[in-house]
Amino acid sequence: MGDSPPRELISLADDEGNSVSVNVLGGSPRWTAGLDAEIVVKTPFVSGRIDLALYVTRLESWAGALDRLDAGEDVAWMEMSSGPSIFIQLIGERDCPEVVVEDENGSMVTVRVPLVPPDDWIADHRQRLRQVMDHWVPMLSG
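Quick caveat: nothing in here was measured; it's all calculated off a predicted structure.

K.L.:
What is the right way to read the overall build of the protein chain from this model?
P.N.:
Of regular secondary structure, the protein chain possesses two helices and eight strands. Along the protein chain, helices and strands appear, N-terminal first, in the series β-β-β-β-α-β-β-β-β-α. Whereas a compact globule of 142 residues would reach a radius of gyration of roughly 14 Å, the protein chain reaches 15 Å, a difference of no more than 12%. The dimensions of the protein chain, computed from C-alpha atoms along their principal axes, are 45 × 35 × 25 Å. Within the protein chain, buried positions represent 42% of all 142 residues. If you take every contact in the protein chain between residues at least 6 apart in sequence, the share linking residues at least 24 apart comes to 41%. Working note: accessible area of the protein chain is about 7800 Å², and carbon and sulfur atoms make up 51% of it.

And the structure:
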């Protein structure tokens, strides 16, 4: 990644044009213990984005979610918190993996994105998380 800070915490995409990503935008000017981020959904049918606050506990819970996914379990990340939630189902309604982004507290919109990530996607996302944590967490206070 060179000199630029790591930005993509999550990048799930397929060759059908479906993708869900979580991008770190930078330190939050409103909260020194948090990062401004966004969830971006792109499909041939619908696209959108929503703001997201990340902090150490959420990043650590993403590590736990990756462990559960690696063990073959579906996960809910950031469920029951303020702001959007991400659910990853290894076998979704269309017999392939799905990412569900839900903004129950804000827009009340839920988007279900079927996609087939590459075989090494969990290891790739562990590396993304490690890079984000190594770069951004030392800058956070609290």
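K.L.:
Just checking my understanding: could you explain the layout of surface pockets for this structure?
P.N.:
Where empty space is left becomes clear once a probe the size of a water molecule has been rolled over the atoms. Here the largest pocket defines a volume of roughly 220 Å³. Residue lining of the largest pocket: I39, V41, V46, S47, G48, R49, I50, V101, D103, S107, V109 and V111, and that is the complete set. Breaking the lining of the largest pocket down by element, the ones donating at least two residues are β3 (35–42), β4 (47–54), β7 (98–103) and β8 (109–114). Per-element tally for the lining of the largest pocket: the top contributor is β4, with four residues. Each residue belonging to the lining of the largest pocket can be placed in one class, and the counts come to seven nonpolar, three polar and two charged.

K.L.:
Please clarify how the nonpolar core should be interpreted in this entry.
P.N.:
Among soluble globular proteins, nonpolar side chains are generally buried collectively. Ranked by size, the top nonpolar core spans 33 residues in total, and within it L9, V22, L54, W62, W77, I86 and I88 carry the most contacts. Residues in contact with I88, not counting those within four places in the same chain, are L12, W62, L69, D74, V75, E98, V99 and W121.

K.L.:
Looking at this structure, how should I read the pattern of salt bridges?
P.N.:
For the coordinates displayed, the defined rule picks out 10 salt bridges. Of the charged contacts in the structure, one is a salt bridge between R30 and D36, with a shortest N-O distance of 3.1 Å. Of the residues examined, D36 reaches a relative accessible area of 17% and is grouped as buried. For D124, the salt bridge goes to R128, with nearest N and O atoms at 2.8 Å. Linking D124 with R128, this pair stays in helix α2 (residues 121–136), spanning four residues, or about one helical turn. D124 gets classed as partly exposed once you look at its relative accessible area, which sits at 26%. On the basis of relative accessible area, R128 is assigned to the buried category, the value being 14%.

K.L.:
How should I be thinking about the environment of R130 in this particular structure?
P.N.:
Take R130: it is sitting in helix α2. Expressed as a C-alpha distance, the spacing of R130 and G27, which sit 103 residues apart in the sequence, is 17 Å.

K.L.:
Honestly, the pairing of β4 in this entry has me stumped. Any pointers?
P.N.:
Regular strands show a simple pattern: their side chains alternate between the two faces of the sheet. Here β3 pairs with β4 via eight bridges, running antiparallel. By the bridge assignment, I39 is partnered in β4 with I50. Adjacent in sequence and paired antiparallel, β3 and β4 are bridged by four residues.

Thresholds, definitions, all that
- Residues numbered from 1 in each chain as written.
- Predicted model: local features only at pLDDT ≥ 70, side-chain atom pairs only at ≥ 80, totals over all residues.
- Heavy atoms only, no water.
- Helix = DSSP H or I, 4+ residues; strand = E, 2+ residues; numbered from the N terminus.
- Rg over C-alpha atoms; globule rule 2.2 N^0.38 Å.
- Buried < 20%, exposed > 50% of the residue type's maximum accessible area, 1.4 Å probe, protein only.
- Contact = heavy atoms within 4.5 Å.
- Areas by Shrake-Rupley, 256 points an atom, 1.4 Å probe, with all protein chains shown as cover.
- 1 Å grid on protein atoms, 1.4 Å probe; cavity = no way out; pocket = protein on both sides within 12 Å on 5 of 7 lines; lining within 4 Å.
- Points joined across faces, edges and corners; volume = space filled by probe spheres on them.
- Nonpolar A, V, L, I, M, F, W, Y, C, P; charged D, E, K, R; others polar.
- Core = buried A, V, L, I, M, F, W, Y, C linked by side-chain atoms within 4.5 Å.
- Salt bridge = Lys/Arg side-chain N within 4 Å of Asp/Glu carboxyl O.
- Pairing = 2+ DSSP bridges.

Just distances and angles here, no functional claims.
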